[in-house]
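# Observations on the three-dimensional arrangement
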Amino acid sequence: LTTPNGGTVYCPSASVTVAWTKGEGLQSNENVNIELTSDGGATWTNVASNISGTTYSWKIPANQAVGSAYKIRILHPSSGIRDESDAAFSIGSIAEITEQPVGDSVCAGERVVFRVKGTGTNLTYKWFRNDVELKGETRDSVVIGTVGEKDGGSYRVEVSAGCAPTVSQVAQ
């Protein structure tokens, strides 16, 4: 098995190329099964059966459980020839925004705070004003201590849990 071979985070609904070489007693015209484990190899479930060639595009189910002990293996059922990922890979999660940032009308010199709440593991945040990233603003809120004319505009945040970010509604 050449890929996936550990250390990568994949996301639900993504397509992953499973690739392997044939050798060590397995003929080029023989089909294989592809199996998945989420517990380091204690139990295996079938992903695909009777696959020819040396690659397969696996679409990770949208409801695949988050985890960090996943491995793939290629199995030739009749001979028992098999190969598996050298190390575990992870299935990440997609963040969900549960509370959107809310705009506010404030006067120059006042303080304003934009907040977001989300669910997911190890959430990260990236804030934008007028579609320009606010460097260093990586928390679940952004505070403008003393509002000036330059601070006006549209604010949004990208929330990520290791997969593609979820983008908030715009707050002004």
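First, a word on scope: everything that follows refers to the structure included in this document. Since we're looking at a predicted model, the values are computed, not measured.

## Thoughts on the overall build of the chain
Looking only at helices and strands, the chain features zero helices and 16 strands. Over its C-alpha atoms the chain spans a radius of gyration of 23 Å, topping by over 25% the 16 Å that the globule rule assigns to 172 residues. Structurally, the chain occupies a C-alpha span of about 75 × 25 × 20 Å along its principal axes. Of all 172 residues assigned to the chain, the portion counted as buried reaches 35%. Sequence-distant contacts, at least 24 apart, represent 58% of the contacts inside the chain between residues at least 6 apart.

## With respect to the nonpolar core
Ranked by size, the top nonpolar core spans 18 residues in total, and within it Val-18, Trp-20, Ile-34, Trp-58, Ile-72, Ile-74 and Phe-89 carry the most contacts. Once you skip the residues sitting within four places of it in the chain, Ile-74 turns out to touch Leu-1, Val-18, Trp-20, Val-32, Asn-33, Ile-34, Ile-81, Arg-82 and Asp-83. Counting residues in hydrophobic clusters, the runner-up holds 16 residues, among them Ala-95, Val-112, Val-147 and Val-159.

## Details of the side chain of Lys-71
Along the chain, the position of Lys-71 falls in strand 6 (residues 67-75). On the accessibility criterion, Lys-71 (15% relative accessible area) is buried. Of note is the side chain of Lys-71, whose polar atom sits 3.4 Å from the side chain of Glu-84. Excluding anything up to four places from it in sequence, Lys-71 contacts Glu-35, Leu-36, Thr-37, Trp-44, Glu-84, Ser-85, Asp-86, Ala-87, Ala-88 and Phe-89.

## Let's talk about unusual backbone geometry
A cis amide bond links Thr-3 to the next residue, Pro-4, at an omega of 0 degrees. Looking at the secondary structure, you find Pro-4 in the segment before strand 1 (9-10). A positive phi angle is found at Ser-13, which is not glycine, with a value near 75 degrees. With respect to the helices and strands, Ser-13 occurs in the loop between strand 1 and strand 2 (15-19). With a phi close to 65 degrees, Asp-131 is a non-glycine residue in the positive phi region.

## A few points about the sheet that holds strand 15 (residues 155-160)
The strand order across the open sheet built from four strands is 13-12-15-16, with neighbouring strands paired in antiparallel fashion. Strands at the two margins of the open sheet, each flanked by one partner only, are strand 13 (132-133) and strand 16 (166-167). Bridge count for strand 15 against strand 16 is two bridges, and the pairing is antiparallel. Paired with Val-159 across the bridge in strand 16 is Thr-166.

## Focus: the environment of Asp-131
Inspection of the secondary structure assignment puts Asp-131 in the loop between strand 12 (124-129) and strand 13. For Asp-131, a relative accessible area of 59% gives the class exposed. For the pair Asp-131 and Thr-119, spaced 12 residues apart in the sequence, the C-alpha separation amounts to 23 Å. Side-chain polar atoms of Asp-131 contact the side chain of Arg-156, separated by 3.1 Å.

## Points about the pairing of strand 3 (residues 32-37)
Taken across its six residues, strand 3 has six buried, putting it largely inside the fold. Here strand 3 pairs with strand 4 (residues 45-51) via four bridges, running antiparallel. Bridge assignment links Ile-34 to a residue of strand 4, and that residue is Ala-48. Inspection of the sheet shows strand 3 paired to strand 6 by five bridges, in the antiparallel sense.

Cut-off values and rules
- Residues numbered from 1 in each chain as written.
- Predicted model: local features only at pLDDT ≥ 70, side-chain atom pairs only at ≥ 80, totals over all residues.
- Heavy atoms only, no water.
- Helix = DSSP H or I, 4+ residues; strand = E, 2+ residues; numbered from the N terminus.
- Rg over C-alpha atoms; globule rule 2.2 N^0.38 Å.
- Buried < 20%, exposed > 50% of the residue type's maximum accessible area, 1.4 Å probe, protein only.
- Contact = heavy atoms within 4.5 Å.
- Core = buried A, V, L, I, M, F, W, Y, C linked by side-chain atoms within 4.5 Å.
- Polar contact = N/O pair within 3.5 Å; in protein donor to acceptor, adjacent residues only side chain to side chain.
- Pairing = 2+ DSSP bridges.

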